[in-house]
Amino acid sequence: MFTDTHFHLDHDFYEDYHQVLERAREVGVSLFLVSACSKESIREIWMMEDVKDVYFTIGYHPSEADTVTDADLVWLESLLSHKKVVGIGEIGLDYHYGKKNREKQIALFRKQLELAQKYQMPVVIHTRDAMQETYDILKEYSVKGVLHCFSGSVEMAKAFIARGFLLGIGGVVTFTNSKLYQVVDAVSLSSLLLETDSPYLAPVPYRGSINGPWNIPVIAKKIAEVKGVSTEEVGRITTANACQLFDLQ
Ligand code: NI
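## Some points on the coordination of the nickel ion
Metal coordination angles have textbook ideals: 109.5 degrees for a tetrahedral set of four donors and 90 or 180 degrees for an octahedral set of six.
1) Next: At this site the nickel ion is bound by His-6 (NE2), His-8 (NE2), Glu-90 (OE) and Asp-197 (OD), with donor distances of 2.1 to 2.2 Å.
2) Next: Classification of the site at the nickel ion as irregular follows from its four donor atoms and the range of 81 to 175° in their angles at the metal.
3) Next: Here the donor residues for the nickel ion map to a single chain with the spacing H-x1-H-x81-E-x106-D. Of the two residues examined, His-6 and His-8, each falls in the buried class.

See the structure below:
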C-alpha cells in the first residue's frame, strides 16, 4: 500500500479526478492528500469531500503573498476544522523569482504558522532558494510537518528531522542529475513521505509527461534500491509515517 502525500487537483491537466484515483489505486496507491494552496484550488477541492481515503491540506503558497488578504486568512481558518482537512500548506518562502516581496512572503508564512500552532495542525512547507531562512523562522514555532519536495543537503535534512520534520520525496529522486539519493541514503525511512507533486515533476522514465499519483510506486522503487529494502516495505513505512503525521486512521 502506498500514499501520495502531495498532489494538486488541476483541471487543466486532469479531466476527471475519479479516473486519476482509479488509475493510482490499480497500482496500490490507496491514500491521498490533495494540496490546495490558492484561493481557487481551496474553493474547488470540496468536490472531493465525499471521496474515501482522500484528505486535504490547505493554505496559501508563497506565490500568493501579494494577493492574500486578512479576510482570506479568516476564511482559511474557518475551514481548518473540517474533517477532511488534515494540514496547512503548502506554505513557506520562494525566492526563485527574486526577493521583491520577501516581507509579504514572510508575513503570510508567519500568519499561517500561527494558525498551525493554534490548532496543533501539521504544516506542509514549500521552500525554494530560501532553505536557511525557512529553517530559522520554523525554529520560532512549535509545529511539526513535512518539507515538501525536499531538495536540500544532508546537513539541512538532518537539521529539519531533528526538529521533528519529515522529508517529502518525489520524482526528483529518480532524475539522473539529482543528488537526492544521498539524502535518502543518509536518513531513516521513518523520516520520509512519498509524494508526486502531480501534475508536475513526473519521475524517470516518464519525465515530461503529466504526472499522477499512479507514479508513486516508481518513486518508492528508487528509494527501495537506495535503502536496500523492498518497494512494499517503503510503501508500508512511509504510509505509516503519513498516518502518524496527519493523524489519519
Ligand atoms: Ni506542490
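## Focus on the sheet that holds strand E8 (residues 192-194)
1) Next: Spatially, the eight strands line up as an open sheet ordered E1-E2-E3-E4-E5-E6-E7-E8, and their pairing is parallel. The open sheet has two free edges, formed respectively by strand E1 (2-7) and E8, since each of these has just one partner strand. For this sheet, the mean inter-axis angle between neighbouring strands, taken without regard to orientation, is 30°.
2) Next: As judged from the six bridges shared by strand E4 (residues 85-94) and strand E5 (residues 123-128), these two strands associate in the parallel manner. Within E5, the position partnered with Ile-88 by the bridge is Val-123.

## Regarding the nonpolar core
1) Next: Ranked by size, the top nonpolar core spans 70 residues in total, and within it Ile-58 and Phe-150 carry the most contacts.
2) Next: Top contributing element to this core by residue count: helix H4 (residues 102-119), with six residues.
3) Next: In this structure Ile-58 touches Ala-36, Ile-42, Ile-45, Leu-76, Leu-79, Leu-80, Val-85, Gly-87, Ile-88 and Gly-89, once residues within four positions along its chain are discounted.
4) Next: Formed by 13 residues, the second largest nonpolar core is a distinct cluster that contains Val-86, Val-146, Leu-166 and Leu-245.

## Some details on unusual backbone geometry
Most peptide bonds adopt trans geometry, and most residues besides glycine take a negative phi value.
1) Next: Cis peptide bonds are those with omega within 30 degrees of zero, and the linkage from Gly-89 to Glu-90 qualifies with 10°.
2) Next: By the element assignment, Glu-90 lies in strand E4.
3) Next: In this structure, the amide linkage connecting Val-204 to the following residue, Pro-205, adopts the cis form with an omega of 10°.
4) Next: Inspection of the secondary structure assignment puts Pro-205 in the loop between E8 and helix H8 (216-227).
5) Next: In this model, Leu-201 sits at a positive phi of 60°, which is unusual for a non-glycine residue.
6) Next: If you check the backbone angles, Asp-247 has positive phi at about 55° while not being a glycine.
7) Next: Among the structural elements, Asp-247 can be located in the segment after helix H9 (231-246).

## A few points about a nonpolar patch on the surface
1) Next: Where nonpolar side chains cluster on the molecular surface, the patch consists of Phe-13, Tyr-200, Leu-201 and Ile-210 and spans about 330 Å² of accessible area.
2) Next: Tracing the sequence through the fold places Tyr-200 in the loop between E8 and H8.
3) Next: Of the residues examined, Tyr-200 reaches a relative accessible area of 40% and is grouped as partly exposed.

## Considering the packing of aromatic side chains
1) Next: Under the counting rule described, the total for this entry stands at four aromatic pairs.
2) Next: With centroids separated by 6.2 Å and ring planes inclined at 75°, the aromatic side chains of Phe-7 and Phe-32 adopt a geometry described as edge-to-face. Of this pair, Phe-7 sits in strand E1 while Phe-32 sits in strand E2 (residues 29-36); the two residues are 25 residues apart in sequence, bridging distant segments of the chain. Of the two residues, Phe-7 and Phe-32, both sit in the buried class.
3) Next: An angle of 85° between the planes, with centres 5.5 Å apart, marks the rings of Trp-46 and Phe-56 as edge-to-face.

## A word on helix H1 (residues 17-26)
Each α-helix winds once per 3.6 residues, and so residues spaced three or four apart point in a common direction.
1) Next: Inspection of H1 places Tyr-17, Val-20, Leu-21 and Ala-24 among the buried residues, and these make up the whole buried set. Buried positions in H1, seen along its axis, are confined to an arc of 90° and lie on one side of it. H1 presents Gln-19 and Glu-26 as exposed residues on the side facing more than 90 degrees away from its buried surface.
2) Next: Next to the buried residues of H1 lie E1, E2 and strand E3 (54-58).
3) Next: One side-chain oxygen at the N-terminal end of H1 lies 2.8 Å from the backbone nitrogen of His-18; it belongs to Asp-16.

What counts and how
- Residues numbered from 1 in each chain as written.
- Predicted model: local features only at pLDDT ≥ 70, side-chain atom pairs only at ≥ 80, totals over all residues.
- Heavy atoms only, no water.
- Donors = N, O, S within 2.8 Å, 3.2 Å for Na, K, Ca; no water.
- Tetrahedral: all angles 85-135°; square planar, octahedral: opposite > 155°, others 65-115°.
- Buried < 20%, exposed > 50% of the residue type's maximum accessible area, 1.4 Å probe, protein only.
- Pairing = 2+ DSSP bridges.
- Helix = DSSP H or I, 4+ residues; strand = E, 2+ residues; numbered from the N terminus.
- Axes fitted to C-alpha atoms, helices over the stretch in contact; angles between N-to-C directions.
- Core = buried A, V, L, I, M, F, W, Y, C linked by side-chain atoms within 4.5 Å.
- Contact = heavy atoms within 4.5 Å.
- Patch = residues over 30% accessible without salt bridge, like charges linked within 9 Å, V, L, I, M, F, W, Y side chains within 5 Å.
- Areas by Shrake-Rupley, 256 points an atom, 1.4 Å probe, with all protein chains shown as cover.
- Salt bridge = Lys/Arg side-chain N within 4 Å of Asp/Glu carboxyl O.
- Phe/Tyr/Trp six-rings, centres within 6.5 Å; stacked < 30°, edge-to-face > 60°.
- Arc of directions from axis to C-beta.
- Polar contact = N/O pair within 3.5 Å; in protein donor to acceptor, adjacent residues only side chain to side chain.

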